[in-house]
Amino acid sequence: SVTIGFLVGLADDAYNTRPLLKFSAQVLCGLILCFTGTYIQLFSSDFLNYFITVFWIVGIMNSINMLDNMDAITTTVSISIIISALIVLSALNSFESIEFIILIGVLAALLGFLFYNWNPSKIYMGDTGSQFLGVLLGAMAITCFWNTPFDSSSHSQTKQVILTLIVFIIPIIDTTTVTINRLGRGQSPSVGGKDHTTHHLSYAGFSDR
């Protein structure tokens with residue numbers, strides 16, 4: 001799934017692919033996760049679990065992509081999400097798990113990238129990086145937040161949902177408000193613009209840095 005996310009991002013950067021093709025690839029990423037056993041387990045129905053998993057993956061891929069609208073924003077948000085996931089894995093003593101190792105490697109890469117991506121940035125993430133991170137963060141969220149095995153009570157499941165939404169609050173709020181505002185103006189949410197949360201902070205007088 002991560003490879004497909006990377007490739008569709010690369011194609012979009014190189015050839016500016018159509019939104020439908022990009023969306024189809026995002027759905028495919030979610031379906032691959034479902035059929036390989038990495039899916040959100042909230043309901044007794046597998047169909048509902050698969051549906052919410054695909055919705056989650058597509059949503060996070062687009063959220064991370066849309067958040068990449070100013071220097072270092074997506075990078076710093078991704079770092080904060082990864083650190084949160086590492087804290088959860090540490091609490092579960094999962095230091096030798098493949099998820100922990102992958103997250104440490106991606107965290108190191110993002111910290112190195114941040115040095116050049118900080119305002120004024122010398123290099124940019126583009127769709128190649130944001131789509132890759134979208135799949136990765138979405139999948140790791142399923143393992144580290146949605147399905148965290150602290151206990152199996154329904155009360156615990158509620159806490160896990162709230163925890164996930166808090167960790168991803170910045171991309172979720174930004175994408176939701178931008179989508180609602182653009183639809184309200186009769187515009188397509190897939191077309192870029194300067195109406196993101198970061199832009200409004202800039203309009204309020206804060207510097208880009």
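For the structure itself, look to the data block above.
Residues numbered from 1 in each chain as written. Predicted model: local features only at pLDDT ≥ 70, side-chain atom pairs only at ≥ 80, totals over all residues. Heavy atoms only, no water.

Novice: Could you give me a rundown of the overall build of the chain, with the residues and numbers involved?
Specialist: Counting secondary structure elements, the chain contains 9 helices and 0 strands. Ordered by position in the sequence, the α and β elements of the chain form the string α-α-α-α-α-α-α-α-α. For the chain, the C-alpha radius of gyration of 17 Å lies close to 17 Å, the compact-globule estimate for 209 residues. On the principal axes, the C-alpha backbone points of the chain span a range of 45 × 35 × 35 Å. For the chain, with 209 residues in total, the buried portion stands at 42%. When contacts within the chain are restricted to residue pairs at least 6 apart in sequence, those whose partners lie at least 24 apart make up 67%. Averaging the locations of the 8 positively and 12 negatively charged side chains of the chain gives two centres separated by 10 Å. (Helix = DSSP H or I, 4+ residues; strand = E, 2+ residues; numbered from the N terminus. Rg over C-alpha atoms; globule rule 2.2 N^0.38 Å. Buried < 20%, exposed > 50% of the residue type's maximum accessible area, 1.4 Å probe, protein only. Contact = heavy atoms within 4.5 Å. Lys, Arg positive; Asp, Glu negative; His and termini not counted. Charge placed at Lys NZ, Arg CZ, Asp CG, Glu CD.)

Novice: Please give an account of helix H1 (residues 2-15) that cites residues and values.
Specialist: Taking 1.5 Å of rise per residue, the 14 residues of H1 would be expected to cover 20 Å, and the 20 Å separating its terminal C-alpha atoms lies within 8% of that figure. Here H1 has its buried residues at Gly5, Val8, Gly9 and Asp12. All buried residues of H1 fall inside an arc of 100° around its axis, so they share one side. Facing away from the buried side of H1 by over 90 degrees, the exposed positions are Thr3, Ala14 and Tyr15. Packing partners of the buried residues in H1 comprise helix H2 (19-35), helix H3 (46-67) and helix H6 (126-146). Just downstream of H1 lies Asn16, where phi reads positive at about 55°. (Expected span 1.5 Å × (residues − 1). Arc of directions from axis to C-beta.)

Novice: Describe the packing of aromatic side chains, naming the residues involved and giving the relevant values.
Specialist: Under the criterion given, the structure shown has 7 aromatic pairs. For the ring pair Tyr39 and Tyr50, a centre distance of 5.1 Å and an interplane angle of 85° mean the geometry is edge-to-face. A residue pair is termed long-range when its members are at least 10 positions apart, and Tyr39 in the loop between H2 and H3 and Tyr50 in helix H3 qualify at 11 residues. Of the residues examined, Tyr50 reaches a relative accessible area of 24% and is grouped as partly exposed. Arranged with centres 5.1 Å apart and planes meeting at 80°, the rings of Trp56 and Phe168 form a pair that is edge-to-face. Linking Trp56 in helix H3 with Phe168 in the loop between helix H7 (154-167) and helix H8 (169-184), this pair joins segments that are 112 residues apart in sequence. Owing to a relative accessible area of 9%, Trp56 belongs among the buried residues under this scheme. (Phe/Tyr/Trp six-rings, centres within 6.5 Å; stacked < 30°, edge-to-face > 60°.)

Novice: Summarise the side chain of Gln26; cite the residues concerned and give the values.
Specialist: You can see Gln26 is positioned in helix H2. Every residue in contact with Gln26, bar those within four places of it in the chain, is listed here: Ile57, Val58, Met61, Asn62 and Gln131.

Novice: Got a sec to walk through the packing of H2 against H3? Specific residues and values, please.
Specialist: A packed helix pair is summarised by two numbers, namely the angle formed by the two axes and the spacing between the axes. Contact pair H2 / H3: the axes reach a minimum separation of 8 Å and the direction vectors enclose 135°. Relative to H3, the element H2 is oriented oblique. In this structure, H2 crosses over H3, and the sense of that crossing is right-handed. For the pair H2 and H3, the contacting residues are Lys22, Phe23, Gln26, Val27, Cys29, Gly30, Leu31, Leu33, Cys34 and Phe35 in the first and Tyr50, Thr53, Val54, Ile57, Val58, Met61, Asn62 and Asn65 in the second. Classifying every residue of the contact of H2 with H3 gives 12 nonpolar, 5 polar and 1 charged. (Axes fitted to C-alpha atoms, helices over the stretch in contact; angles between N-to-C directions. Parallel < 35°, antiparallel > 145°, perpendicular 65-115°, else oblique. Left-handed = near helix turned anticlockwise from the far one by under 90°. Nonpolar A, V, L, I, M, F, W, Y, C, P; charged D, E, K, R; others polar.)

Taken by themselves, the reported measurements are silent on function.
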